[in-house]
Amino acid sequence: MPLANAPRLILASTSVYRRELLARLRLPFDTARPEVDERPQPGESPLAVAERLAIAKARVIAHRAPGAFVIGSDQVAELDGQALGKPGGRDGAIAQLGAMSGREVQFRTAVCVQREGDAARVATDTTSVQFRPLSLAEIERYVDAEEPFDCAGSFKSEGLGITLFDAIKSTDPTALIGLPLILTARLLREAGFVLP
């Protein structure tokens, strides 16, 4: 049950994955699309990209909705120090998964809680995923089954993507899906938002 006079909560994302995760906290919230250029800046590390974009997304929406608590999040997959973006299509997903086959990949997920006029509160999670050796046929079957074209790293760990791994090392099991709920809840409490 929502608290009387609770401030508005907005998720600065239209991602279905993040929306489903935030709904687990049983808080009423709205969603808004932040218009943010997501291209990495020259020389920017994957972690820096994730943090900058999480802050930018939250800040844009907080400016539009004074008084609201806004959650921004971004995730960047990192292989050999290089960022892997969303594949965009079948060929890109096959190439990404082929490059990650038998390798350990870090997923840098940043979350920001922002209210207009307040300091941004930011936290990051690093989840390491050990991919098992994958044949081209296995990769193609997986990509055709789940079409993970809008996912960093070309997989959905909450679905069949879990079959691609040997191991996952994480302090927050929700981070790999796109919104680290342990960190999100902590930042909301620190900002003064009352959680159930």
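To start, this report covers the structure provided alongside it.

Conventions used here
Residues numbered from 1 in each chain as written. Predicted model: local features only at pLDDT ≥ 70, side-chain atom pairs only at ≥ 80, totals over all residues. Heavy atoms only, no water. Core = buried A, V, L, I, M, F, W, Y, C linked by side-chain atoms within 4.5 Å. Buried < 20%, exposed > 50% of the residue type's maximum accessible area, 1.4 Å probe, protein only. Helix = DSSP H or I, 4+ residues; strand = E, 2+ residues; numbered from the N terminus. Contact = heavy atoms within 4.5 Å. Polar contact = N/O pair within 3.5 Å; in protein donor to acceptor, adjacent residues only side chain to side chain. Axes fitted to C-alpha atoms, helices over the stretch in contact; angles between N-to-C directions. Parallel < 35°, antiparallel > 145°, perpendicular 65-115°, else oblique. Left-handed = near helix turned anticlockwise from the far one by under 90°. Arc of directions from axis to C-beta. 1 Å grid on protein atoms, 1.4 Å probe; cavity = no way out; pocket = protein on both sides within 12 Å on 5 of 7 lines; lining within 4 Å. Points joined across faces, edges and corners; volume = space filled by probe spheres on them. Salt bridge = Lys/Arg side-chain N within 4 Å of Asp/Glu carboxyl O.

**Overview of the nonpolar core**
- Ranked by internal contacts, the top residues of the largest apolar core, which has 22 residues, are Ile71 and Leu188.
- Secondary structure elements with two or more residues in this core: strand S1 (9-11), helix H1 (16-23), strand S3 (69-79), strand S5 (104-114) and helix H5 (181-190).
- Ranked by the residues each element gives to this core, the list is headed by H5, at 5 residues.
- Discounting chain neighbours no more than four positions away, the residues touching Leu188 are Leu9, Leu27, Phe69, Ile71, Val113, Phe193 and Leu195.

**Concerning the environment of Glu146**
- Tracing the backbone shows Glu146 in helix H4 (residues 136-146).
- Taking the C-alpha atoms as reference points, Glu146 and Arg8, separated by 138 residues in sequence, lie 34 Å from one another.
- Contacts of Glu146, omitting those with residues within four sequence positions, involve Lys156, Gly159, Leu160 and Gly161.
- A distance of 2.6 Å separates polar atoms of two side chains, one belonging to Glu146 and the other to Tyr142.
- At 3.0 Å, the side chain of Glu146 and the backbone nitrogen of Leu160 are in polar contact.

**Thoughts on the packing of helix H3 (residues 90-100) against H4**
- H4 packs onto H3 with a crossing angle of 135 degrees between their chain directions and a minimal axis gap of 10 Å. By the criterion of interaxial angle, the relationship of H3 to H4 is oblique. The hand of the H3/H4 crossing is right-handed. Between H3 and H4, the contacting residues are Arg90, Ala93, Ile94, Leu97 and Gly98 on the first element and Leu136, Ile139, Glu140, Tyr142, Val143 and Asp144 on the second.

**Quick word on H4**
- The set of residues buried in H4 consists of Ile139, Tyr142, Val143 and Glu146. Here the buried residues of H4 occupy an arc of 95 degrees about the axis, which is enough to place them on one side. Counted as exposed and oriented over 90 degrees from the buried face of H4: Arg141 and Ala145.
- Against H3 lie the buried residues of H4.
- Immediately downstream of H4, the backbone of Glu147 shows phi near 45 degrees, a positive value.

**Topic: the layout of surface pockets**
- Considered as a void within the structure, the largest pocket measures approximately 660 Å³ in volume.
- In terms of lining, the largest pocket is formed by 32 residues, of which the most central are Arg18, Glu38, Asp74, Gln75 and Lys86.

**Examining the pattern of salt bridges**
- What the rule picks out here adds up to 12 salt bridges.
- For Asp30, the salt bridge identified is with Arg8, shortest N-O distance 2.9 Å. Placement of the pair is Asp30 in strand S2 (residues 30-31) and Arg8 in the segment before S1, with a sequence separation of 22 residues.
- Overall, the relative accessible area of 34% leaves Asp30 in the partly exposed class.
- The residue Arg132 makes a salt bridge to Glu138 at a minimum N-O spacing of 3.1 Å.
- What makes Arg132 partly exposed here is its relative accessible area of 22%.
- The class of Glu138 is partly exposed, set by a relative accessible area of 23%.
- The network of salt bridges with common partners includes Glu38, Lys57 and Asp74.

That is the geometry; function is a separate question.
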